[in-house]
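# Fold and geometry: a report
What follows is the residue order along each chain.
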Amino acid sequence: MTTTTDLPVSLARSRSAELERQLSQDPGRFRVLTGDRPTGALHLGHYFGTLHNRVRLQDLGVDVFVLIADYQVLTDRDVAERLTEYVEGLLLDYLAIGIDPARTTVFNHSAVPALNQLLLPFLSLVSVAELGRNPTVKDEIAHSRQSAVSGLMYTYPVHQAADILFCKGNLVPVGQDQLPHLEVTRTVARRFNERYGTVFPEPDALLSATPLLLGTDGTKMSKSRNNSVALGASEDETARLIKGATTDADRRITYDPGTRPGVSGLVLLAALCLGRDPHDVAAGIGDGGAAVLKRTVTDAVNATMAPIRARRAAYAQDMGYVRDVLRTGNERANALAEETLDEVRQAMGMFR
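What comes next concerns the included structure.

Quick notes on the rules
- Residues numbered from 1 in each chain as written.
- Predicted model: local features only at pLDDT ≥ 70, side-chain atom pairs only at ≥ 80, totals over all residues.
- Heavy atoms only, no water.
- Helix = DSSP H or I, 4+ residues; strand = E, 2+ residues; numbered from the N terminus.
- Rg over C-alpha atoms; globule rule 2.2 N^0.38 Å.
- Buried < 20%, exposed > 50% of the residue type's maximum accessible area, 1.4 Å probe, protein only.
- Lys, Arg positive; Asp, Glu negative; His and termini not counted.
- Charge placed at Lys NZ, Arg CZ, Asp CG, Glu CD.
- Phe/Tyr/Trp six-rings, centres within 6.5 Å; stacked < 30°, edge-to-face > 60°.
- Axes fitted to C-alpha atoms, helices over the stretch in contact; angles between N-to-C directions.
- Left-handed = near helix turned anticlockwise from the far one by under 90°.
- Contact = heavy atoms within 4.5 Å.
- Nonpolar A, V, L, I, M, F, W, Y, C, P; charged D, E, K, R; others polar.
- Salt bridge = Lys/Arg side-chain N within 4 Å of Asp/Glu carboxyl O.
- Core = buried A, V, L, I, M, F, W, Y, C linked by side-chain atoms within 4.5 Å.
- Pairing = 2+ DSSP bridges.
- Right-handed = clockwise from strand over helix to strand, strands pointing away.
- Polar contact = N/O pair within 3.5 Å; in protein donor to acceptor, adjacent residues only side chain to side chain.

The next subject is the overall build of the protein chain. Looking only at helices and strands, the protein chain has 15 helices and five strands in total. Whereas a compact globule of 352 residues would reach a radius of gyration of roughly 20 Å, the protein chain reaches 21 Å, a difference of no more than 12%. Each of the 352 residues in the protein chain was classed as buried or not, and the buried ones make up 50%. Taking the average place of the 38 positive charges on the side chains of the protein chain and the average place of its 42 negative ones, the gap between the two points comes to 1 Å.

What follows is the structure in structure tokens.
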């Protein structure tokens, strides 16, 4: 039975399927905005959930923008700790997985003032009540590290609207839980266009087809939960982390995420690395138990990550080039942001 809460997701999935068809036929008509907060090392959940897809879109010929959201580190933290280290780590990971600076623009919030200035008119287009009802904001507030909720946390979806609309992005790869955020962006674009004249597209969601990848403790893989395998982890570190992963007492390995999350999360990880169906992977292990499962996962992860780790190490030897990638991306992002802000000022009748 389809419930009212299922219906928007069902529609989004149907729309995503249509968008995939359009992407294969005319990738050049799309501009994608995606990104990460520099709050720690990217991990396997990021790779299979979003990073791999960014390279796919880039290789299709889509104009891809990747945001390093350094300002948004402060949404749930009092200070932005180890920021330079984390930003450089993101850059290394992006280059290692195949992001090509000649085809993908990588930039960071704090280097693009005109982008952030869009937040002011955009905030006038949404009500406090609408922000308060956003389920994703509610969840992020509930898990916030701050003793009190900051204004930045509350207006986070509107800041994301500025991220997407400054470059007139019309396609945003998201997980199901991010649909409410994107709907705020669509609302902002629609209301601005109705009030001042058409400037912005209403971006579509491109839903991820990858199932949620669990961490070594059987819960969602997360930088903040210490349950992830970083892209830059060594073979030995990967083996140690997977060896300590949560399983259960049943020796026979099956893929059943609802009742066996720990075991199924490991099976799924192996399946994603091997390009196989998780049920087939589980059947192949059979009565081998947790030891064989973990060995299978470790071997699959290390084989998949080996070329990525090698490229990452090579790029780390030339950090001057890595920083130039961000500098060049910031220059392009600044030029676009200034153009968009000029259009906004003109549409609003601002004195110039």
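Still more ground to cover, so stick around.
A few words on the packing of aromatic side chains. All chains considered together, the criterion is met by eight aromatic pairs. Both rings, one in F65 and one in F107, keep their centres 6.2 Å apart while their planes meet at 75°; by these two values the pair is edge-to-face. Here F65 is found in strand β2 (residues 63-68), whereas its partner F107 is found in strand β3 (residues 104-108), with 42 residues between them in sequence. Pair check on accessibility: F65 and F107 agree, each one buried. Note on F192 and Y196: the rings are 4.9 Å apart at their centroids and 50° apart in plane angle, and the pair reads as tilted.

So, about the packing of helix α12 (residues 261-274) against helix α14 (residues 289-316). It is at 9 Å that the axes of α12 and α14 come closest, and there the two elements cross at 35°. As for how α12 packs across α14, the hand of that crossing is left-handed. Between α12, through V263, L266, V267, L269, A270, C273 and L274, and α14, the contact on the second element is made entirely by L293, K294, T296, V297, A300, V301 and T304. Across the contact of α12 with α14, the residue classes tally to 11 nonpolar, two polar and one charged.

Evaluation of the coordinates by the stated rule reveals 21 salt bridges. The salt bridge partner of R186 is D204, with a shortest N-O separation of 3.8 Å. Of this pair, R186 sits in helix α10 (residues 179-196) while D204 sits in strand β5 (residues 204-207); the two residues are 18 residues apart in sequence, bridging distant segments of the chain. Relative accessible area serves as the criterion here: at 22%, R186 is assigned to the partly exposed category. The class for D204 is buried, based on a relative accessible area of 17%. A salt bridge links D324 to R327; its shortest N-O distance comes to 2.1 Å. Of this pair, D324 and R327 are both found in helix α15 (residues 319-348), three residues apart, which corresponds to roughly one turn of the helix. Of the residues examined, R327 reaches a relative accessible area of 46% and is grouped as partly exposed. Through salt bridges with shared partners, one network takes in R15, E183, R186, R190, E202 and D204.

Okay, the environment of L266 next. Take L266: it is sitting in helix α12. Here L266 falls in the buried class, since its relative accessible area comes to 7%.

This brings us to unusual backbone geometry. Despite not being glycine, R82 has its phi angle at roughly 55°, a positive value. Relative to the elements of secondary structure, R82 occurs in the loop between β2 and α3 (83-97). Located in the positive-phi region is K168, a residue other than glycine, with phi close to 60°. Relative to the assigned elements, K168 resides in the loop between α9 (156-165) and β4 (171-174).

Looking now at the environment of A230. Relative to the elements of secondary structure, A230 occurs in the loop between β5 and α11 (235-243). Distance in space between the C-alpha atoms of A230 and L44 is 6.3 Å, their sequence separation being 186 residues. Excluding anything up to four places from it in sequence, A230 contacts A41, L42 and H43.

The subject of this paragraph is the nonpolar core. Membership of the largest hydrophobic core comes to 58 residues, with the highest contact counts inside it found for L44 and Y94. Among residues more than four places away in sequence, those in contact with L44 are L213, M221, V229, L231, L269, V301 and M305. Ranked by size, the runner-up nonpolar core spans 40 residues in total, among them F65, A114, L125 and V199.

On to the pairing of β5, then. Residues of β5 alternate between two faces, with D204 and L206 on one and A205 and L207 on the opposite face, all of them buried. Note: β4 against β5, four bridges, orientation parallel. Within β5, the residue paired with L171 across the bridge is D204. Each parallel crossover has a hand, and the one from β4 via α10 to β5 is right-handed.

Before going further, it helps to spend a moment on the side chain of Q72. When you line up the elements, Q72 lands in the loop between β2 and α3. Judged by its relative accessible area of 2%, Q72 is buried. Reaching out from Q72, the side chain makes a polar contact with the side chain of D163 at a distance of 3.1 Å. Leave out the neighbours within four places in its chain, and Q72 touches R37, H109, Y156, H159, Q160 and D163.

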